[in-house]
Amino acid sequence: MGFRLPGIRRTSSGRNQASSKVLDAPKGCLAVYVGENMKRFVIPVSHLNQPLFQDLLSQAEEEFGYDHPMGGLTIPCSEHVFQHITSCLYGQ
């Protein structure tokens, strides 16, 4: 018994295979969903350690807990705010 990651399924050979949703994000990146229309952004996992992004993660935890409606990480802010924050992170 173990845990399962969303988007990973076990093939008949017993190997884990990522679904096409997961394959869209390159190695070292993850997909997040932002705004009213749940626009998908692919960001580097290094953003997760940044204080600005940590604030967004805290908001996501408060609003959604660990049950994200899109199956991925859902960030509860506008696309404009998210783009501003990520542009600040890319400048560092």
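For the structure itself, look to the data block above.
All figures in this text were calculated on a predicted structure; none of them were measured in a lab.

About the thresholds
Residues numbered from 1 in each chain as written. Predicted model: local features only at pLDDT ≥ 70, side-chain atom pairs only at ≥ 80, totals over all residues. Heavy atoms only, no water. Helix = DSSP H or I, 4+ residues; strand = E, 2+ residues; numbered from the N terminus. Buried < 20%, exposed > 50% of the residue type's maximum accessible area, 1.4 Å probe, protein only. Contact = heavy atoms within 4.5 Å. Core = buried A, V, L, I, M, F, W, Y, C linked by side-chain atoms within 4.5 Å. Pairing = 2+ DSSP bridges. Expected span 1.5 Å × (residues − 1). Arc of directions from axis to C-beta. Axes fitted to C-alpha atoms, helices over the stretch in contact; angles between N-to-C directions.

(A) Quick peek at the overall build of the protein chain. What the protein chain contains, in helices and strands, is three helices and five strands. Listing every helix and strand of the protein chain by position from the N terminus yields β-β-α-β-β-α-β-α. Within the protein chain, the fraction of its 92 residues that count as buried is 27%. Partitioning the contacts of the protein chain with sequence separation of at least 6, the portion at a separation of at least 24 is 43%.

(B) Here's a closer look at the nonpolar core. Membership of the largest hydrophobic core comes to 13 residues, with the highest contact counts inside it found for V32, V34, F53, L56, I75 and F82. Apart from the residues within four sequence positions on either side, V34 is in contact with K39, F41, I75, C77, S78, E79 and F82.

(C) Geometry of the pairing of strand β4 (residues 39-44). As paired elements, strand β3 (residues 29-34) and β4 share six bridges and run antiparallel to each other. Residue pairing in the sheet places Y33 in a bridge with R40 of β4.

(D) Focus on the environment of T74. Among the secondary structure elements, T74 is positioned in strand β5 (residues 73-75). Taking the C-alpha atoms as reference, T74 lies 9.9 Å from Q59; in sequence the two are 15 residues apart.

(E) Region of interest: helix α2 (residues 51-64). With 14 residues, α2 should cover 20 Å at 1.5 Å per step; its first-to-last C-alpha distance of 20 Å lies within 8% of that length. When we look at burial in α2, the residues that qualify are F53, L56, A60 and F64. Projected onto a plane normal to the axis of α2, the buried residues spread over an arc of 55° and lie on a single side. Turned more than 90 degrees off the buried face of α2, the exposed positions are P51 and E62. Buried-residue contacts for α2 involve β4, β5 and α3 (79-90). Backbone geometry just after α2 places G65 at a positive phi near 65°.

(F) Fine view of the sheet that holds β5. The strand order across the open sheet built from three strands is β4-β3-β5, with neighbouring strands paired in mixed fashion. Edge strands, defined here as strands with exactly one partner in the open sheet, are β4 and β5. Looking at each pair of strands side by side, their axes are set apart by 40° on average, direction ignored. α2 contacts β4 and β5 of the sheet and is inclined by roughly 100° relative to β5.

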